[in-house]
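Listed below are the residues making up each chain.
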Amino acid sequence: MRHSGRPETRRYPYLDTPPGPSGRPRPIALSHRGFAPDGGENTLAAFERSVALGFAHLEIDVRASRDGVVMVFHDEHLDRVTGAHGPIADRTAEELRQLQVQGHGGIPALEEVLARWPQLRLNIDVKSDDCIRPLAELVDRLDAHDRILVASFSDRRRRRVLRLLARPTASSAGMLVNVLVKLLAPVGLVGMVARRAGVQALQVPETYRGIRVVTRRFVAACHAAGLQVHVWTINGREDMDRLLDLGVDGLVSDAADVLAACLDARSSWPPAATAPDAGLP
(Lines give C-alpha, C1' and ligand atoms only; values in the text may rest on other atoms or scores of the structure.)
Protein backbone atom coordinates (compact mmCIF):
# COMPACT_ATOMS: atom_id res chain seq x y z
CA MET A 1 0.00 0.00 0.00
CA ARG A 2 1.30 3.46 -0.90
CA HIS A 3 1.23 6.15 1.78
CA SER A 4 3.28 8.99 0.32
CA GLY A 5 0.59 10.47 -1.90
CA ARG A 6 3.35 11.32 -4.38
CA PRO A 7 2.43 9.56 -7.66
CA GLU A 8 5.22 8.90 -10.17
CA THR A 9 7.10 12.06 -9.30
CA ARG A 10 9.71 11.45 -11.97
CA ARG A 11 6.93 11.58 -14.52
CA TYR A 12 5.13 14.52 -12.92
CA PRO A 13 7.78 16.79 -11.36
CA TYR A 14 5.13 19.42 -10.60
CA LEU A 15 3.92 17.23 -7.73
CA ASP A 16 7.35 16.58 -6.25
CA THR A 17 8.59 18.45 -3.17
CA PRO A 18 11.65 17.79 -0.99
CA PRO A 19 11.28 15.88 2.26
CA GLY A 20 10.53 17.65 5.50
CA PRO A 21 11.83 16.78 8.99
CA SER A 22 9.62 13.67 9.17
CA GLY A 23 11.00 12.33 5.91
CA ARG A 24 7.67 12.81 4.15
CA PRO A 25 7.47 15.21 1.21
CA ARG A 26 6.66 18.74 2.28
CA PRO A 27 3.07 19.88 1.65
CA ILE A 28 2.41 21.81 -1.53
CA ALA A 29 1.45 25.38 -0.64
CA LEU A 30 -0.69 27.06 -3.30
CA SER A 31 -1.24 30.80 -3.21
CA HIS A 32 -4.79 31.30 -4.53
CA ARG A 33 -4.72 33.78 -7.44
CA GLY A 34 -1.54 35.12 -5.90
CA PHE A 35 -1.48 37.06 -2.64
CA ALA A 36 -3.92 39.96 -2.98
CA PRO A 37 -5.17 41.05 0.46
CA ASP A 38 -5.99 44.52 -0.91
CA GLY A 39 -7.33 43.32 -4.27
CA GLY A 40 -5.65 42.67 -7.58
CA GLU A 41 -6.10 38.90 -7.82
CA ASN A 42 -4.34 37.12 -10.70
CA THR A 43 -2.05 40.09 -11.38
CA LEU A 44 1.72 40.25 -11.63
CA ALA A 45 1.75 42.27 -8.40
CA ALA A 46 -0.15 39.52 -6.57
CA PHE A 47 2.22 36.89 -7.91
CA GLU A 48 5.28 38.92 -6.90
CA ARG A 49 4.01 39.09 -3.33
CA SER A 50 3.56 35.31 -3.26
CA VAL A 51 7.03 34.66 -4.64
CA ALA A 52 8.54 37.10 -2.15
CA LEU A 53 6.95 35.07 0.68
CA GLY A 54 8.63 31.93 -0.66
CA PHE A 55 5.79 30.30 -2.60
CA ALA A 56 6.80 27.92 -5.36
CA HIS A 57 3.22 27.11 -6.47
CA LEU A 58 0.44 29.45 -7.55
CA GLU A 59 -3.19 28.62 -8.28
CA ILE A 60 -4.36 30.69 -11.24
CA ASP A 61 -7.23 30.83 -13.75
CA VAL A 62 -7.03 31.24 -17.51
CA ARG A 63 -9.31 32.35 -20.31
CA ALA A 64 -8.68 33.32 -23.94
CA SER A 65 -8.74 36.83 -25.36
CA ARG A 66 -10.52 37.66 -28.60
CA ASP A 67 -7.26 37.14 -30.48
CA GLY A 68 -6.57 33.76 -28.89
CA VAL A 69 -4.02 34.72 -26.23
CA VAL A 70 -4.15 32.84 -22.93
CA MET A 71 -4.88 35.43 -20.24
CA VAL A 72 -4.80 35.01 -16.46
CA PHE A 73 -8.30 35.91 -15.25
CA HIS A 74 -11.03 34.17 -13.29
CA ASP A 75 -14.40 35.56 -14.31
CA GLU A 76 -16.17 35.29 -17.64
CA HIS A 77 -16.97 38.99 -17.43
CA LEU A 78 -14.71 41.91 -16.58
CA ASP A 79 -17.12 43.78 -14.32
CA ARG A 80 -16.25 42.47 -10.83
CA VAL A 81 -12.58 43.42 -10.66
CA THR A 82 -12.05 45.99 -13.43
CA GLY A 83 -13.73 49.23 -14.44
CA ALA A 84 -14.68 47.64 -17.76
CA HIS A 85 -17.79 45.67 -18.70
CA GLY A 86 -18.63 42.63 -20.79
CA PRO A 87 -16.94 39.29 -21.51
CA ILE A 88 -13.17 39.00 -21.45
CA ALA A 89 -13.45 37.09 -24.74
CA ASP A 90 -14.60 40.30 -26.48
CA ARG A 91 -11.28 42.09 -25.89
CA THR A 92 -7.86 41.62 -27.44
CA ALA A 93 -4.87 40.74 -25.30
CA GLU A 94 -3.47 44.25 -25.64
CA GLU A 95 -6.77 45.79 -24.57
CA LEU A 96 -6.86 43.51 -21.53
CA ARG A 97 -3.30 44.43 -20.53
CA GLN A 98 -4.35 48.08 -20.42
CA LEU A 99 -7.17 47.52 -17.93
CA GLN A 100 -6.63 47.92 -14.19
CA VAL A 101 -7.53 45.02 -11.88
CA GLN A 102 -8.65 46.88 -8.77
CA GLY A 103 -5.81 49.35 -9.28
CA HIS A 104 -3.06 46.71 -9.20
CA GLY A 105 -2.11 46.43 -12.86
CA GLY A 106 -3.49 44.95 -16.02
CA ILE A 107 -4.59 41.43 -16.89
CA PRO A 108 -1.42 39.42 -17.64
CA ALA A 109 -0.90 36.86 -20.34
CA LEU A 110 0.05 33.40 -19.09
CA GLU A 111 3.22 33.54 -21.18
CA GLU A 112 4.35 36.61 -19.20
CA VAL A 113 3.99 34.74 -15.93
CA LEU A 114 5.83 31.66 -17.17
CA ALA A 115 8.68 33.79 -18.54
CA ARG A 116 9.02 36.08 -15.53
CA TRP A 117 9.33 33.29 -12.94
CA PRO A 118 10.97 30.32 -14.67
CA GLN A 119 11.08 28.24 -11.44
CA LEU A 120 7.44 28.82 -10.50
CA ARG A 121 4.89 26.00 -10.75
CA LEU A 122 1.38 26.91 -11.82
CA ASN A 123 -1.88 25.17 -10.98
CA ILE A 124 -3.94 26.27 -14.00
CA ASP A 125 -7.72 26.22 -13.82
CA VAL A 126 -8.95 26.22 -17.43
CA LYS A 127 -12.12 28.29 -17.35
CA SER A 128 -13.29 28.30 -20.96
CA ASP A 129 -13.37 26.05 -24.01
CA ASP A 130 -11.82 28.71 -26.25
CA CYS A 131 -8.70 28.48 -24.11
CA ILE A 132 -8.09 24.76 -24.61
CA ARG A 133 -6.04 24.77 -27.82
CA PRO A 134 -4.14 28.03 -27.16
CA LEU A 135 -3.13 26.75 -23.73
CA ALA A 136 -1.87 23.42 -25.07
CA GLU A 137 0.04 25.14 -27.86
CA LEU A 138 1.66 27.57 -25.41
CA VAL A 139 2.73 24.83 -22.99
CA ASP A 140 4.18 22.77 -25.84
CA ARG A 141 6.01 25.76 -27.32
CA LEU A 142 7.58 26.69 -23.97
CA ASP A 143 8.11 23.05 -22.94
CA ALA A 144 6.40 23.93 -19.65
CA HIS A 145 4.79 20.52 -19.01
CA ASP A 146 6.73 19.88 -15.79
CA ARG A 147 5.84 23.31 -14.42
CA ILE A 148 2.06 23.12 -14.61
CA LEU A 149 -0.92 21.15 -13.39
CA VAL A 150 -4.03 21.20 -15.57
CA ALA A 151 -7.24 21.67 -13.60
CA SER A 152 -10.86 22.46 -14.38
CA PHE A 153 -14.27 21.94 -12.84
CA SER A 154 -15.08 20.38 -16.23
CA ASP A 155 -13.42 16.98 -16.66
CA ARG A 156 -14.27 17.11 -20.35
CA ARG A 157 -12.34 20.37 -20.78
CA ARG A 158 -9.42 19.12 -18.69
CA ARG A 159 -9.12 15.92 -20.72
CA ARG A 160 -9.20 17.86 -24.00
CA VAL A 161 -6.20 19.91 -22.89
CA LEU A 162 -4.28 16.81 -21.86
CA ARG A 163 -4.95 15.07 -25.16
CA LEU A 164 -3.44 18.00 -27.07
CA LEU A 165 -0.26 18.22 -25.01
CA ALA A 166 2.89 16.63 -26.39
CA ARG A 167 4.11 15.23 -23.05
CA PRO A 168 2.52 13.84 -19.87
CA THR A 169 1.38 16.69 -17.63
CA ALA A 170 0.01 16.57 -14.10
CA SER A 171 -3.73 17.01 -13.70
CA SER A 172 -6.32 17.20 -10.94
CA ALA A 173 -9.86 15.91 -11.14
CA GLY A 174 -12.90 17.93 -12.07
CA MET A 175 -16.22 17.91 -10.28
CA LEU A 176 -17.54 14.62 -11.67
CA VAL A 177 -14.40 12.61 -10.91
CA ASN A 178 -14.17 14.13 -7.42
CA VAL A 179 -17.71 12.95 -6.70
CA LEU A 180 -16.97 9.46 -8.02
CA VAL A 181 -13.86 9.17 -5.87
CA LYS A 182 -15.74 10.26 -2.77
CA LEU A 183 -18.51 7.74 -3.43
CA LEU A 184 -16.21 4.84 -4.33
CA ALA A 185 -13.45 5.39 -1.76
CA PRO A 186 -15.12 3.13 0.84
CA VAL A 187 -15.10 0.19 -1.59
CA GLY A 188 -11.49 0.59 -2.73
CA LEU A 189 -12.10 1.75 -6.30
CA VAL A 190 -10.25 5.08 -6.13
CA GLY A 191 -7.30 3.82 -8.14
CA MET A 192 -9.48 2.58 -10.99
CA VAL A 193 -11.31 5.91 -11.23
CA ALA A 194 -8.05 7.89 -11.11
CA ARG A 195 -6.42 5.82 -13.85
CA ARG A 196 -9.39 6.11 -16.16
CA ALA A 197 -9.71 9.84 -15.49
CA GLY A 198 -5.99 10.50 -15.97
CA VAL A 199 -5.49 12.39 -12.71
CA GLN A 200 -2.75 12.44 -10.11
CA ALA A 201 -4.40 14.75 -7.58
CA LEU A 202 -7.79 15.63 -6.15
CA GLN A 203 -8.43 19.28 -5.34
CA VAL A 204 -11.46 19.46 -3.12
CA PRO A 205 -13.18 21.63 -0.51
CA GLU A 206 -13.19 20.30 3.02
CA THR A 207 -16.98 20.23 2.92
CA TYR A 208 -19.44 20.51 0.06
CA ARG A 209 -23.10 21.36 0.60
CA GLY A 210 -22.94 20.16 4.16
CA ILE A 211 -21.15 16.90 3.31
CA ARG A 212 -17.66 16.41 4.75
CA VAL A 213 -15.34 15.52 1.89
CA VAL A 214 -11.93 15.45 3.55
CA THR A 215 -11.63 12.84 6.31
CA ARG A 216 -8.71 10.74 7.50
CA ARG A 217 -10.21 7.72 5.76
CA PHE A 218 -10.70 9.63 2.50
CA VAL A 219 -7.09 10.86 2.53
CA ALA A 220 -5.82 7.34 3.27
CA ALA A 221 -7.87 5.88 0.39
CA CYS A 222 -6.48 8.47 -2.01
CA HIS A 223 -2.91 7.87 -0.86
CA ALA A 224 -3.33 4.13 -1.25
CA ALA A 225 -4.25 4.82 -4.88
CA GLY A 226 -1.24 7.12 -5.37
CA LEU A 227 -3.34 10.30 -5.43
CA GLN A 228 -2.48 13.56 -3.74
CA VAL A 229 -5.18 15.50 -1.88
CA HIS A 230 -5.16 19.30 -2.07
CA VAL A 231 -7.81 21.23 -0.13
CA TRP A 232 -9.23 24.66 -1.01
CA THR A 233 -9.71 27.44 0.03
CA ILE A 234 -8.24 27.33 3.55
CA ASN A 235 -7.52 30.68 5.19
CA GLY A 236 -7.55 30.01 8.96
CA ARG A 237 -4.46 28.82 10.82
CA GLU A 238 -6.33 26.25 12.93
CA ASP A 239 -7.94 24.76 9.82
CA MET A 240 -4.55 24.55 8.10
CA ASP A 241 -2.97 22.70 11.01
CA ARG A 242 -5.93 20.36 11.38
CA LEU A 243 -5.91 19.38 7.70
CA LEU A 244 -2.15 18.93 7.60
CA ASP A 245 -2.46 16.67 10.65
CA LEU A 246 -4.92 14.57 8.62
CA GLY A 247 -2.16 14.07 6.05
CA VAL A 248 -3.36 16.21 3.13
CA ASP A 249 -0.68 16.90 0.53
CA GLY A 250 -1.47 20.51 -0.29
CA LEU A 251 -3.45 23.56 0.75
CA VAL A 252 -4.82 26.37 -1.41
CA SER A 253 -5.16 29.67 0.43
CA ASP A 254 -5.99 33.35 -0.05
CA ALA A 255 -4.02 34.01 3.16
CA ALA A 256 -0.58 33.27 1.78
CA ASP A 257 1.14 34.90 4.74
CA VAL A 258 -0.78 32.72 7.21
CA LEU A 259 -0.05 29.55 5.24
CA ALA A 260 3.65 30.40 5.02
CA ALA A 261 3.79 30.98 8.78
CA CYS A 262 1.92 27.72 9.43
CA LEU A 263 4.34 25.67 7.35
CA ASP A 264 7.34 27.49 8.74
CA ALA A 265 6.23 26.52 12.26
CA ARG A 266 6.07 22.91 11.05
CA SER A 267 9.60 23.15 9.57
CA SER A 268 8.17 22.82 6.07
CA TRP A 269 9.04 26.22 4.62
CA PRO A 270 10.02 26.98 1.96
CA PRO A 271 7.96 24.17 0.47
CA ALA A 272 10.01 23.35 -2.63
CA ALA A 273 13.61 23.14 -3.77
CA THR A 274 13.62 26.53 -5.45
CA ALA A 275 15.06 29.78 -4.23
CA PRO A 276 12.37 31.92 -2.58
CA ASP A 277 13.30 34.91 -4.72
CA ALA A 278 13.62 32.99 -7.99
CA GLY A 279 12.52 35.11 -10.90
CA LEU A 280 12.17 38.37 -8.99
CA PRO A 281 13.46 41.37 -10.91
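These numbers come from a predicted model, not from an experiment.

So, how was this worked out
- Residues numbered from 1 in each chain as written.
- Predicted model: local features only at pLDDT ≥ 70, side-chain atom pairs only at ≥ 80, totals over all residues.
- Heavy atoms only, no water.
- Helix = DSSP H or I, 4+ residues; strand = E, 2+ residues; numbered from the N terminus.
- Buried < 20%, exposed > 50% of the residue type's maximum accessible area, 1.4 Å probe, protein only.
- Pairing = 2+ DSSP bridges.
- Right-handed = clockwise from strand over helix to strand, strands pointing away.
- Phe/Tyr/Trp six-rings, centres within 6.5 Å; stacked < 30°, edge-to-face > 60°.
- Contact = heavy atoms within 4.5 Å.
- Polar contact = N/O pair within 3.5 Å; in protein donor to acceptor, adjacent residues only side chain to side chain.
- Core = buried A, V, L, I, M, F, W, Y, C linked by side-chain atoms within 4.5 Å.

1. Some remarks on unusual backbone geometry
Put simply, tryptophan 269 and proline 270 share a cis peptide bond, and its omega is 0 degrees. Locating proline 270 in the fold gives a position in the segment after helix H10 (256-265). With a phi close to 60 degrees, asparagine 42 is a non-glycine residue in the positive phi region. Note on placement: asparagine 42 falls in the loop between strand E1 (28-32) and helix H1 (44-53). A positive phi angle, close to 60 degrees, is found at serine 267, a residue other than glycine. Looking at the element boundaries, serine 267 is found in the segment after H10. What makes serine 267 partly exposed here is its relative accessible area of 42%.

2. Quick notes on the pairing of strand E5 (residues 148-151)
Neither face of E5 is open: one carries Ile148 and Val150, the other Leu149 and Ala151, and all of them are buried. Summarising the sheet, strand E4 (residues 121-126) and E5 pair through four bridges and their orientation is parallel. Bridging from a neighbouring strand, asparagine 123 pairs with leucine 149 of E5. Between the parallel elements E4 and E5, the chain passes through helix H4 (residues 132-142) in a crossover that is right-handed. Where E5 lies against strand E6 (residues 170-171), two bridges are found, and the strand directions are parallel. Note on E6: the bridge partner recorded for valine 150 is serine 171. In the classification by handedness, the crossover that spans E5, the intervening helix H5 (residues 155-164) and the parallel E6 is right-handed.

3. A look at the packing of aromatic side chains
Going through the model one piece at a time under the given rule, you end up with three aromatic pairs. Arranged with centres 6.4 Å apart and planes meeting at 85 degrees, the rings of phenylalanine 47 and tryptophan 117 form a pair that is edge-to-face. Of this pair, phenylalanine 47 sits in helix H1 while tryptophan 117 is found in the loop between helix H3 (110-116) and E4, placing the two residues 70 residues apart along the sequence. Taken as a pair, phenylalanine 47 and tryptophan 117 share a single burial class, namely buried. For the pair phenylalanine 153 and tryptophan 232, a centre-to-centre distance of 6.2 Å together with 90 degrees between the ring planes defines the contact as edge-to-face.

4. Observations regarding the environment of histidine 74
The topology assignment puts histidine 74 in the loop between strand E3 (70-72) and helix H2 (93-98). As a C-alpha pair, histidine 74 and glycine 54 span 20 residues in sequence and 23 Å in three-dimensional space. Apart from the residues lying within four places of it in its own chain, the contact partners of histidine 74 are Arg33, Glu41, Asn42, Asp61, Arg63, Arg80 and Lys127. For histidine 74, the side chain forms a polar contact with the side chain of arginine 33, separated by 3.0 Å.

5. Looking at the nonpolar core
Membership of the largest hydrophobic core comes to 36 residues, with the highest contact counts inside it found for Val214, Val248 and Leu251. For this core, the secondary structure elements donating two or more residues are helix H6 (175-184), helix H7 (190-197), strand E7 (201-205), helix H8 (216-224), strand E10 (228-232), helix H9 (237-246) and H10. Among the elements that take part in this core, H10 stands out by supplying five residues, more than any other. Setting aside residues no more than four positions away along its own chain, valine 248 makes contact with Val214, Val219, Val229, Val231 and Leu243.

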